[in-house]
Amino acid sequence: MGVALFLCLFTAQAGLIVLTPVLSQVADDLDVSTATAGQLRTVSGLAAGLAAVVLGTVARRLSLHRLLLAGAAGMTLASALSAAAPTFAVLALAQGLLGLSVAALLIGGTVGAAEWVPQEHRTRVLAWALVGPPAAWIVGMPLVGAIGEIGWRWSWLALPLVAGAVAGIVVARRPRGPRVAHSESITDALRDGPTARWVLAELIASSAWVGTLVYSGALITESYGTTSVATGIVLAAGAAAYVAGNVLFRRVVECRARVLLVRLAFVLAAAVALFGIVRPALPVSAALFAVAGFFAGGRTLIGSAVGLHAASERRLAVMGARVAAQQLGYFVGSALAGAALAAGGYPMFGFVLALLFLVSALPFLVHTRSGRPLLHAALAGAACSAPGKPSTPNNPFGRSSFPAWPWTSSRAIRLQ
């Protein structure tokens, strides 16, 4: 099952990254500006976000098997339509279909790690499933960059179309598994304060990271005049750093979630600001992008793990809310990053996205009447207990297994 979930998340990300290394080519070919071409991500992000809300709200008994098959088929069709798009409007329409498919793949792929996997194996399966998106970067960026030398349209056929077809075949061959039974909608889940604050933080952080990703290829190309192949290699290196962050942060899953997410907001803000502002040479920008990718990988794992271990009756709603927040982040992040780029170039781009990362920490800081206690812990205190040792009262995680987290016995996510 882990392979099927990995492929589904790989496919979802493959559809989202195709434009990144060839964005300038798309803009030139369709006679629009780079900032305008980047708004194609707002279309797919908005479609995916709205679809995630619907899936997490009205689907009372949902077959994850059929959901994943529909997502894979939709990705295949959207890729073919994108490759053949004669105008910018048609390409935007294809991105809408792509967004619907992404929502289905992401929700099914993440919820499946809890519904189809025994508790003792969830951590491992979740971590490896989450390697799917950065693996798409590592494989896809050099591939898309190389094929982009021939034409950006071929990139859609070589990566997301093939990935969608393979994922669909693998999922179809797997046992159907049980249906997901749940009783809560996203609206019900968001009435809980800790859950709502967590979703808001995910939306803001996703907006910042997505804005970085959408224009990262254009920044490299326009700043240093690199080819699409070289740009793809730089972006793939950043994705490799993302995987490293995902793997290494598994060792600190015992850490206090809110403290870690606040710390990571500070680090990511600094890295992204420098990525946009400091551009003396290609190796410097590549290194800064890799640093940002490393810590973004860790943040993704922590955020996903929190939602995945909500109570079973609200798990689909919670993960649907998270996917909606992430994909609406494409809408918000692409729009803000594009506006910042048009207004002040890449320095303004870096400043605005860094500010977004800092704002993503606020939902956790306002948990108490004063943000000072948590801010002090984030800046000065140790967030983790020693490996293998029982957690302290200030550390809500168990020793090393997700089932020991206290919110699994409650209907609410308790972000401590």
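Check the entry above for the structure.
An account of the accompanying structure is given in this report. (Residues numbered from 1 in each chain as written. Predicted model: local features only at pLDDT ≥ 70, side-chain atom pairs only at ≥ 80, totals over all residues. Heavy atoms only, no water.)

### Section: the overall build of the protein chain
A count of helices and strands for the protein chain gives 17 helices and two strands. Out of the 416 residues belonging to the protein chain, those deemed buried represent 58%. Intrachain contacts of the protein chain at a sequence separation of at least 6 include 85% that bridge at least 24 residues. (Helix = DSSP H or I, 4+ residues; strand = E, 2+ residues; numbered from the N terminus. Buried < 20%, exposed > 50% of the residue type's maximum accessible area, 1.4 Å probe, protein only. Contact = heavy atoms within 4.5 Å.)

### As for a nonpolar patch on the surface
Judged by side-chain polarity, L274, I277, V278, V284, M348, F351, L355, L358, V359 and L362 come together as a nonpolar surface patch covering roughly 780 Å² of accessible area. At the level of secondary structure, the elements contributing two or more residues to the nonpolar patch comprise α13 (257-277) and α15 (315-359). Broken down by element, the residue count for the nonpolar patch peaks at five residues, all from α15. By secondary structure assignment, the location of M348 is in helix α15. (Patch = residues over 30% accessible without salt bridge, like charges linked within 9 Å, V, L, I, M, F, W, Y side chains within 5 Å. Areas by Shrake-Rupley, 256 points an atom, 1.4 Å probe, with all protein chains shown as cover. Salt bridge = Lys/Arg side-chain N within 4 Å of Asp/Glu carboxyl O.)

### What to know about the environment of V199
Mapped onto the elements of the fold, V199 is located in helix α11 (residues 193-224). In this structure the C-alpha to C-alpha distance between V199 and R322, which are 123 residues apart in sequence, comes to 5.9 Å. Those residues in contact with V199 that lie beyond four places of it in its chain are L190, A321 and A325.

### Some points on the nonpolar core
Among the nonpolar cores identified, the biggest contains 106 residues, and V26, I107, W137 and W209 are the most heavily contacted of them. With 13 residues, α15 is the largest single contributor of residues to this core. When neighbours within four sequence positions are excluded, I107 is seen to be in contact with A52, L55, L67, G112, L316, G320 and V323. With 10 residues, the next largest nonpolar core counts A189, V318, A321 and A325 among its residues. (Core = buried A, V, L, I, M, F, W, Y, C linked by side-chain atoms within 4.5 Å.)

### Quick notes on the packing of aromatic side chains
The geometry of an aromatic ring pair comes down to the distance between the two centres and the angle between the two planes. Within this structure, the stated rule accounts for eight aromatic pairs. Arranged with centres 6.1 Å apart and planes meeting at 35°, the rings of F6 and F10 form a pair that is tilted. Here F6 pairs with F10, and both are found in helix α1 (residues 2-17), just four residues apart, close to one helical turn. Residue classification places F10 among the buried positions, given a relative accessible area of 12%. Plain terms: the ring middles of Y215 and F349 are 6.2 Å apart, the flat faces sit at 80° to each other, and that makes the pair edge-to-face. (Phe/Tyr/Trp six-rings, centres within 6.5 Å; stacked < 30°, edge-to-face > 60°.)

### Re the pattern of salt bridges
This model, assessed by the stated rule, comprises two salt bridges. A salt bridge links D29 to R153, with the nearest nitrogen and oxygen atoms 3.5 Å apart. You can see D29 sitting in helix α2 (residues 23-29) and its partner R153 sitting in helix α9 (residues 152-173), a full 124 residues away along the chain. When its relative accessible area of 25% is taken as the criterion, R153 is described as partly exposed.

### Thoughts on α13
The terminal C-alpha atoms of α13 lie 30 Å apart, and with 21 residues this matches the ideal 30 Å at 1.5 Å per residue to within 8%. With 15 of 21 residues buried, α13 is to be regarded as a mostly interior element. (Expected span 1.5 Å × (residues − 1).)

### Section: the packing of helix α8 (residues 132-148) against helix α12 (residues 228-248)
Packed helices, taken two at a time, are described by the angle between their axes plus the distance between the axes. Where α8 meets α12, the axes come as close as 8 Å, and the angle between the chain directions of the two elements is 180°. By the angle between their directions, the pair α8 and α12 is classed as roughly antiparallel. On α12, the residues that touch P134, A135, W137, I138, M141, P142, G145, A146 and G148 of α8 are S228, V229, G232, L235, A236, A239, A240, Y242 and V243. A per-class count over the contact of α8 with α12 returns 14 nonpolar, four polar and no charged. (Axes fitted to C-alpha atoms, helices over the stretch in contact; angles between N-to-C directions. Parallel < 35°, antiparallel > 145°, perpendicular 65-115°, else oblique. Nonpolar A, V, L, I, M, F, W, Y, C, P; charged D, E, K, R; others polar.)

### Side note on α11
With 32 residues, α11 should cover 46 Å at 1.5 Å per step; its first-to-last C-alpha distance of 46 Å lies within 8% of that length. Of all bends in α11, the biggest is about 45°, found at Y215. Here α11 lies mainly inside the structure; 23 of its 32 residues are buried. Looking at the residues trailing α11, positive phi occurs at G225, about 65°. (Bend = angle between axes of the 7 residues up to and from the residue.)

### Structural notes on the environment of A218
Relative to the helices and strands, A218 resides in helix α11. On the basis of relative accessibility, which here comes to 1%, the residue A218 falls in the buried class. When the C-alpha positions of A218 and T20 are compared, they lie 7.4 Å apart, and in sequence the two are 198 residues distant. Residues in contact with A218, not counting those within four places in the same chain, are T20, S24, T34, S223 and Y346.

### Overview of the side chain of S79
Structurally, the position occupied by S79 is in helix α5 (residues 64-84). Overall, S79 belongs to the buried group, its relative accessible area being 0%.

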